[in-house]
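Listed below, chain by chain, are the residues.
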Amino acid sequence: MAIPDERRDVIAAPDSRQPIPRVGEGKRGEDGYFGYLLRQAAGAYRYRMEATLADLGITQPQFAVMAMLSAIPVCPTPIWHARHC
């Protein structure tokens, strides 16, 4: 399907002279779309968490369960310690 002549100027190739903005600049910064920026932040968080937890030999779901269980006021000592409630 060919593009009509009156639409060719609307659909233009990206300008190769315009550099891609760095993280935190342009649409990748404060002027960006909230959903896109939130997704970028979530990806960065996930990558950093996975790298940190890999050193401990646990996954994010395992960490979440241990964090929730240690927050239970009935058991002041984290469950992964030798002494239990």
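One can find the structure itself at the top, above this paragraph.
Below, the structure is looked at part by part. None of the values given here were measured: they were computed from a predicted structure. (Residues numbered from 1 in each chain as written. Predicted model: local features only at pLDDT ≥ 70, side-chain atom pairs only at ≥ 80, totals over all residues. Heavy atoms only, no water.)

**Brief notes about the overall build of the protein**
Secondary structure summary: the protein contains two helices and zero strands in total. Out of the 85 residues in the protein, the part that is buried amounts to 9%. (Helix = DSSP H or I, 4+ residues; strand = E, 2+ residues; numbered from the N terminus. Buried < 20%, exposed > 50% of the residue type's maximum accessible area, 1.4 Å probe, protein only.)

**Some remarks on a nonpolar patch on the surface**
On the surface, Val65, Leu69 and Ile72 cluster together to form a nonpolar patch covering roughly 220 Å² of accessible area. Among the secondary structure elements, Leu69 is positioned in helix H2 (residues 60-70). Taking relative accessible area as the criterion, Leu69 reaches 33% and is therefore assigned partly exposed. (Patch = residues over 30% accessible without salt bridge, like charges linked within 9 Å, V, L, I, M, F, W, Y side chains within 5 Å. Areas by Shrake-Rupley, 256 points an atom, 1.4 Å probe, with all protein chains shown as cover. Salt bridge = Lys/Arg side-chain N within 4 Å of Asp/Glu carboxyl O.)

**Considerations on helix H1 (residues 34-56)**
In this model H1 runs 33 Å from its N-terminal to its C-terminal C-alpha over 23 residues, within 8% of the 33 Å that 1.5 Å per residue would give. One or two steps after H1, the chain reaches Gly57, where phi turns positive at roughly 80 degrees. (Expected span 1.5 Å × (residues − 1).)

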